[in-house]
Amino acid sequence: MAVPKPSSGKGPHDRALNLPNALQIGKVRGIPIRLHWTFLLVLPFFAVLMGSSYFTPTPGRLDQLDGPALGWGAALAVTLFACVTLHELSHSLVALRYGIKVRSITLLPIGGVSQMEEMPKEPRREFLVSLAGPLTNFVLAAPILAWGYLGGVPDIAPRFGDFVRLVGSLNLVLGAFNLFLPAFPMDGGRILRAILASKMGLLKATHYAASAGRALAFAMAIFGLFSPTGGGFFLLIIALFIYMGATEEERAVQVNHTLGDLRVRDVMTSSPVILRPEDSLEDVFRIMVESKHVGFPVVDAMGRVVGFLGLKELAGIDQARFATTPVRLVMRPQVPTVAPAALATDALRAMGNDGADYLVVLDHGQLAGLLSKTDLTRVVSILAVRGGGKAEDAAL
Ligand code: ZN
């Protein structure tokens with residue numbers, strides 16, 4: 001299906017994509033290309049579906065599916081997913097040109113997903129990044145169809161010509177499905193948002209595009225429910241994916257709008273409670289109860305931030321060792337940091353990308369404050385109410 005997705009870090013499938021159960025199959029321009037394990041699970045199903053749909057004497061007849069038909073079905077499924085990978089890669093390469101980091105491309109049973117750190121803010125750039133994918137399918141389809149229909153396909157195996165023509169025409173379908181269906185956050189929906197955003201601004205444009213996306217997802221789900229073939233199930237999953245993606249991205253845009261150009265220093269906790277590397281875990285629990293905080297920068301005698309300790313690090317440690325274990329043995333030595341002058345929206349996105357609940361605010365290497373996701377959630381709720389909205393609209 002091919003959705004370029006900025007990893008806003010706010011939805012369940014963002015985290016699902018970060019799971020280690022995706023197998024890396026290659027790397028292009030530093031972008032890891034990965035197969036999700038569910039993909040391997042459904043590949044035999046796709047081979048049967050495509051083999052029986054296109055390579056049996058009577059299309060759709062499962063009982064006519066023999067070895068060669070199954071083989072062609074498998075070859076078609078694998079080739080199409082290779083085309084989906086090229087589609088995603090073209091989104092990613094255009095995004096890279098605009099200086100946007102692409103974390104990975106993951107192949108799922110319903111298509112590919114490019115995980116970008118963000119989508120371009122300028123409508124023209126989002127338009128071009130989104131257009132690149134479907135355009136790749138059209139560019140692939142043209143020579144393959146010409147080869148398949150105008151002759152010249154060598155007779156290397158029976159049905160090879162059919163295979164070539166199917167690869168060509170299914171690329172046309174893939175390109176058209178992505179380009180012309182304005183189902184935000186799919187390509188067509190992003191293109192719609194980019195066009196609207198150049199006229200009415202990002203907030204309104206996203207609202208309209210996301211509403212269109214949800215309506216189309218609804219229609220797709222109904223269609224999928226009543227579809228007699230196995231493909232209906234996938235349509236249902238795609239519909240769910242679009243519905244959740246549209247809602248999640250609309251919320252992210254609302255939150256960014258609410259935060260506006262607030263800086264990290266405006267929302268951080270200045271002079272946060274700190275821990276020393278030599279404090280015991282017993283001390284940590286006492287400090288937690290007294291301060292009601294659950295995450296602390298660890299600062300050494302020279303005033304340098306050397307780590308971070310939160311509830312996550314304390315889970316699973318034997319109670320008997322609390323009094324004798326120093327903080328430095330269990331703290332996280334790698335601390336995600338941010339500058340006080342950074343935009344709060346950028347800090348929020350960084351938290352999403354790193355899966356971090358806290359950012360340590362460093363000013364020229366010195367501890368200036370602590371920013372927690374909870375702090376940001378409260379600020380967004382306050383600003384949303386002040387702006388006339390409802391507090392729950394602002395949930396991160
Ligand atoms: Zn795409």
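As shown above, the structure is provided for reference.
Cut-offs used in this document
Residues numbered from 1 in each chain as written. Predicted model: local features only at pLDDT ≥ 70, side-chain atom pairs only at ≥ 80, totals over all residues. Heavy atoms only, no water. Helix = DSSP H or I, 4+ residues; strand = E, 2+ residues; numbered from the N terminus. Core = buried A, V, L, I, M, F, W, Y, C linked by side-chain atoms within 4.5 Å. Buried < 20%, exposed > 50% of the residue type's maximum accessible area, 1.4 Å probe, protein only. Contact = heavy atoms within 4.5 Å. Pairing = 2+ DSSP bridges. Axes fitted to C-alpha atoms, helices over the stretch in contact; angles between N-to-C directions.

**Q** Describe unusual backbone geometry, naming the residues involved and giving the relevant values.
**A** Note the cis peptide between F184 and P185, where omega equals 10 degrees. Note that P185 resides in the loop between α5 (160-180) and α6 (187-200). Even without being a glycine, R29 presents a positive backbone phi close to 50 degrees. Tracing the sequence through the fold places R29 in the loop between β2 (22-28) and β3 (31-36).

**Q** I'd like to hear about the nonpolar core, residue by residue, with values.
**A** Formed by 36 residues in total, the largest nonpolar core has its most connected members in F55, L76, F163 and I242. Listed by contribution, the elements that provide at least two residues to this core are α2 (37-54), α3 (67-97), β4 (102-108), α5, α7 (202-225) and α8 (231-259). For L76, the contacting residues outside a window of four places in its chain are M50, Y54, F55, F163, L166, V167 and L170. Counting residues in each nonpolar core, the second largest holds 17 residues, with V338, L359, L376 and V380 among its members.

**Q** Explain the sheet that holds strand β6 (residues 269-270) to me, using residue names and the numbers behind them.
**A** Pairing within the open sheet is mixed, and its 4 strands lie in the order β6-β11-β10-β9. Here the strands that pair on one side only, and so sit at the sheet edges, are β6 and β9 (337-338). Summarising the sheet, β9 and strand β10 (residues 358-363) pair through 2 bridges and their orientation is parallel. Considered in β10, the bridge of V338 is made with V361. Helix α14 (residues 373-386) contacts β6 and β11 (366-372) of the sheet and is inclined by roughly 60 degrees relative to β11.

From the geometry alone we can't say anything about function, so treat these as descriptive.
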